[in-house]
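# Understanding the architecture of this molecule
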Amino acid sequence: MVVFRAVSVYSIAKAFLWQSVCYLSKCAVCSMPCQVKPRFVVLYGSQKGQAESIAEGIAESAEEHGLFAELSCLKDNEKYNLEKENAPVVFIVSTTGDGEPPDNALQFVKRIKKKTLSPDHYKHLCYALLALGDTNYANFCNCGKTIERRLQELGAKQFYATGYADDGVGLEVVLDPWIEGLWAAIKEALSKMSADRTGYLKGEAGDSPNEPPHSSIADVQLNLLSITDHQDCESIRASVETVSKFATAASSSASATQIAVSDLGPAFPAGSTGLAFQSHGTASVPTSAPETEAGDAGVPHIALAASLTRSLPPLSESSLNVPAVPPPYLDVSLQEVDAVEQIVGPLKKETLHEVPISRAVQLARGDSVKTALLLELDISAHPMMTYQPGDSFDVFCPNRAAEVEDLLHRLDLHDQRDHQVHISLRKDTKKKGAQVPSYISQNISLLYLLTWCLEIRSVPKKAFLRALVEHTGDSAQRRRLQELCSKQGAADYNLYVRDPSLSVLELLTAFSSCSPPLSLLIEHLPKLQPRPYSAASSCLRYPGRLHFVFNVVEFPARSGRPAGRRGLCTGWLFDLINPVLVLPEKAESSGSLALPKIHVSLRPNCSFRPPSALSAPFIMVGPGTGVAPFIGFLQQREKERKENPEAIFGETWLFFGCRHRDGDYLFREELEGFVSSGTLSQLKVCFSRDDQKEEEATLSAARPRYVQHNLLLNSQHITDILLKQNGYLYVCGDAKNMAKDVNDTLMEMIKTELQVDQLDAMKRLAELREEKRYLQDIWG
Ligand code: FAD
């Protein structure tokens, strides 16, 4: 009896472990379990879909590497169980806002941060982590770093070095080699985990004379064997897709003499999956790049410049490693209906408020400055929109009607623009965790889909370019698309697609022989996102009103974009308010025009708030439209001063900067009024493009041009406020340059004032962040 029980426990444990590390795949022909694939888990947290699509790519590639991936979003905690997980776990997480976890990872991070968890809570866990971030923002990869720190504090073991991919320079710089090395690391982790378990089980089995001790080893060997077998027969073939050398796409007509990349059929089996990173010594066919191309008049001329559609040697002559075709997963059909309900505006209206624009003022004037506008919204009928200074709110804007029309024409679907769109999952899809996008509602028209659901301006990712190759007829264009999504073409992708923020329409216009089906666009274009704006007013000063300011973003014409265009939301708002716009020189708008309405929802920001203690001093740094929230702070403070005449108020400093004193000094009168009333103790303004007057130049050193120069000039005061008086420092505006420069300057100031080294200054700054006394609200 005792013996029986011991055997039983052993078998159950073995079966459990076996099931948890391996997955029996079924034969496609006979549906019988035929292959054992070791399993691992992929968990992602993603705000805009990048981490999600990388996680999906890894899950899809697993099979080619003889592995089985279980893919889940971190929010779906019923689908995974880290407390019991004994297969390797791969985390792919992005960071959003001021270093916060993406929405769908918030609860997970909260759970693992619980102080009650014991230090060996995740002792059994083996993990690898890829953190996505952007060095233009503070707290680079903060969510990934937080998860990693907690995993380690809770005893988890890392089986592969963490990757920190930087969207600021291109994720692929870190991403590609990280994924390349991941497979071997997973297999090594699996071997080690199996060996550890075998040791463990052998120890257990020692109690059981009836169980042959080697049986567990056999299981492990089978497990490992399956990895090797599979690799040999299948994975290597499928995981690498190497396109042979091919002469420049510029010479499309001469392509007959070159290696036909249009022969890609066999090299790119539809549905083969995974990201390919290794070169497998492709046989190179010697080709010489043509130095000339036929001009319009048939006269050959020297092809000097590379462009979106044309490459130059060495790229045009290289063998290429391109990703495998992303597996299609949606079936899309269009159905003619008698009458389609004409929906205007976003569909999910529960949390949205349709509010009128009650005033629109142009704040900046002159040719050499950006167009800055102030809009006032009438929120009096929407108590849920009551905001605090520091809050922002989302504006829901549609895609540009003209672009939607052009896209419909380009897809040859213009006649079906009012047809109803039906989307379902392809039954035979190989895409892991495929789902019909939740943000696309039922019964909408094609026109509505392209206007309100998909971000048609989003920059096509490499996987999208790869998928487009399959729908491109012209061989030179196919080759160029392959280059742009290949490892070798990474620099060209950045230069011609990513940096100029090319849209799919611009791409399809340049690649005229590409005719993708609608389903491909739905699979690859992300959800149309609302644009956040900071409140630039206080409800105390303007009850029932909400102000915001923005610059109209301009994208100049360039290769692949024959005409310049405006930012999606700022361009749309500009067109919308144009008829009611108050120009700087005019006093008021003509009141007779109907006020346009927009859809908005509130985004409360619990930390970017003026200090609750009235006596706490604070410093605000907000050049350009970054001044927006501080106008709200100061309006509130002015009201508080009136209501509390006896109270002691802390000092308030504002550092503002713009190009020209007479061009884009936003809120000049209001700011000077705050100084006169004592609400603002110090207003420090600098102008980056105004010439320094001669007498000024002779009297003093160079005038400060940027906010950080002014900060430096007031170093002692600022460090006093921050380090001795427990004060606060707020930074708002451009993330790409200003916020970084301000951060570096603060570090220098702390170094000097406290006489400490770089490391200590960094620590002090990090402490200020932790204490929520150094706060940022930055974008760009
Ligand atoms: P899109 O068509 O989305 O193009 C944006 C792209 O243009 C960006 O990817 C970037 O590469 C480029 N770009 C060039 N200049 C700018 C720029 N000045 N801002 C952003 N992107 C730029 N903007 C304001 O003007 N005022 C605000 O008060 C404000 N508050 C914000 C608060 C938060 C919390 C966040 C996250 C952003 C805020 N923004 C603010 C930025 C705003 O949400 C939009 O990104 C911006 O107005 C551009 O939107 P768009 O649709 O016109 O441009």
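That block above? That's the structure.
This write-up is about the structure you can find in this document.

What counts and what doesn't
- Residues numbered from 1 in each chain as written.
- Predicted model: local features only at pLDDT ≥ 70, side-chain atom pairs only at ≥ 80, totals over all residues.
- Heavy atoms only, no water.
- Helix = DSSP H or I, 4+ residues; strand = E, 2+ residues; numbered from the N terminus.
- Buried < 20%, exposed > 50% of the residue type's maximum accessible area, 1.4 Å probe, protein only.
- Contact = heavy atoms within 4.5 Å.
- Polar contact = N/O pair within 3.5 Å; in protein donor to acceptor, adjacent residues only side chain to side chain.
- Phe/Tyr/Trp six-rings, centres within 6.5 Å; stacked < 30°, edge-to-face > 60°.
- Lys NZ or Arg CZ within 6 Å of the ring centre and 35° of its normal.
- Pairing = 2+ DSSP bridges.
- Axes fitted to C-alpha atoms, helices over the stretch in contact; angles between N-to-C directions.
- Core = buried A, V, L, I, M, F, W, Y, C linked by side-chain atoms within 4.5 Å.
- Parallel < 35°, antiparallel > 145°, perpendicular 65-115°, else oblique.
- Nonpolar A, V, L, I, M, F, W, Y, C, P; charged D, E, K, R; others polar.
- Near = heavy atom within 4 Å.
- Areas by Shrake-Rupley, 256 points an atom, 1.4 Å probe, with all protein chains shown as cover.
- Left-handed = near helix turned anticlockwise from the far one by under 90°.
- Salt bridge = Lys/Arg side-chain N within 4 Å of Asp/Glu carboxyl O.

### Let's talk about the overall build of the protein chain
- For the protein chain, the helix and strand inventory stands at 22 helices and 26 strands.
- When burial is assessed residue by residue, the protein chain has 51% of its 780 residues classed as buried.
- Taking the contacts inside the protein chain whose residues are at least 6 apart along the sequence as the reference set, 78% of them involve residues at least 24 apart.

### Describing the side chain of histidine 419
- Relative to the helices and strands, histidine 419 is located in the loop between helix H8 (401–410) and strand E15 (420–425).
- When its relative accessible area of 15% is taken as the criterion, histidine 419 is described as buried.

### With respect to helix H11 (residues 475–485)
- Among the 11 residues that make up H11, 11 are buried, leaving the element largely enclosed by the rest of the structure.
- For H11, the N-terminal capping position is held by aspartate 474, with its side-chain oxygen 3.1 Å away from the main-chain nitrogen of alanine 476.

### Quick notes on the packing of aromatic side chains
- Enumeration according to the criterion identifies 18 aromatic pairs in this entry.
- A centroid spacing of 5.7 Å and a plane angle of 25 degrees characterise the contact between phenylalanine 548 and phenylalanine 550, whose relative ring orientation is stacked. The exposure classification of phenylalanine 548 matches that of phenylalanine 550, with both residues buried.
- One aromatic cluster in this structure is built from Phe608, Phe618, Phe630, Phe633, Tyr728 and Tyr730.
- Taking the ring centre of tyrosine 164 as reference, the NZ or CZ of lysine 145 above it sits at 5.9 Å.

### A word on the sheet that holds strand E26 (residues 774–779)
- Strand order in the open sheet formed by 5 strands is E24-E23-E22-E25-E26, and the pairing between neighbours is parallel. This sheet does not close on itself; its edge strands, each paired only once, are strand E24 (682–687) and E26. Direction aside, the axes of adjacent strands within the sheet are offset by 10 degrees on average.
- Strand direction decides the pairing type here: strand E23 (residues 652–658) and E24, joined by 6 bridges, are parallel.

### A short note on the nonpolar core
- Leu449, Leu450 and Leu468 are the most contacted members of the largest nonpolar core, which totals 48 residues.
- If you list the elements that add at least two residues to this core, you get H8, E15, helix H9 (446–453), helix H10 (462–469), H11, helix H12 (490–498), helix H13 (504–510) and helix H14 (518–524).
- Element by element, the count of residues in this core is highest for H9, at 7 residues.
- In this structure, Ala55, Ala69, Phe159 and Leu182 belong to the second largest nonpolar core, which totals 33 residues.

### Some thoughts on the packing of helix H20 (residues 715–724) against helix H21 (residues 738–754)
- Put simply, H20 and H21 touch, their axes get as near as 10 Å, and they point 85 degrees apart. Our classification of the angle between H20 and H21 gives roughly perpendicular. Seen from H20, the contacting residues are Ser715, Gln716, Ile718, Thr719 and Leu723; seen from H21, they are Met749, Ile750, Glu753 and Leu754.
- Partitioning the contact of H20 with H21 into residue classes produces 5 nonpolar, 3 polar and 1 charged.

### Points about the site of the ligand
- Lining the immediate environment of the ligand, one finds 20 residues, of which Arg531, Pro532, Tyr533, Cys569 and Thr570 sit closest.
- The contact in question runs from an oxygen atom of the ligand to an N or O atom on the side chain of tyrosine 533, over 2.7 Å.
- Take leucine 568: an N or O atom from its main chain is 2.8 Å from an oxygen atom of the ligand.
- Here the ligand, which alone exposes 910 Å², has 74% of that area covered by the protein.
- Looking at the shell around the ligand, the elements with two or more residues in it are strand E16 (531–534), strand E17 (545–551), helix H15 (568–577) and E26.
- Ranked by residues supplied to the shell around the ligand, first place goes to E16 with 4 residues.
- Partitioning the shell around the ligand into residue classes produces 9 nonpolar, 7 polar and 4 charged.

### Considering unusual backbone geometry
- In this model, proline 313 is joined to proline 314 through a cis peptide bond whose omega is 5 degrees.
- Counting through the fold element by element, proline 314 comes out in the loop between strand E9 (300–302) and strand E10 (320–321).
- At serine 501, a residue that is not glycine, the phi angle is positive and equals roughly 50 degrees.
- With respect to the helices, strands and loops of the structure, serine 501 is situated in the loop between H12 and H13.

### A short note on the packing of H8 against H9
- Where H8 contacts H9, the two axes come as close as 10 Å, and the packing angle between them is 130 degrees. Accordingly, the angle class assigned to the pair H8 and H9 is oblique. Along this stretch, H8 crosses H9, giving a crossing that reads as right-handed. Packed against H8, whose contacting residues are Val404, Glu405, Leu407 and Leu408, the element H9 presents Leu446, Leu447, Leu450 and Thr451 at the interface.

### Details of the pattern of salt bridges
- Under the defined criterion, the tally for this structure stands at 39 salt bridges.
- Of the charged contacts in the structure, one is a salt bridge between arginine 39 and glutamate 85, with a shortest N-O distance of 3.0 Å. Taken as a pair, arginine 39 in strand E2 (residues 33–45) and glutamate 85 in the loop between strand E3 (68–73) and strand E4 (89–93) lie far apart in primary sequence, 46 residues in all. Each member of the pair, arginine 39 together with glutamate 85, is buried.
- Measuring nitrogen to oxygen at the nearest pair gives 3.9 Å for the salt bridge that ties aspartate 499 to arginine 498.

### Here we look at the environment of serine 424
- For serine 424, the position within the fold is in strand E15.
- Setting aside residues up to four positions removed in sequence, serine 424 forms contacts with Tyr329, Leu330, Asp331 and Val436.

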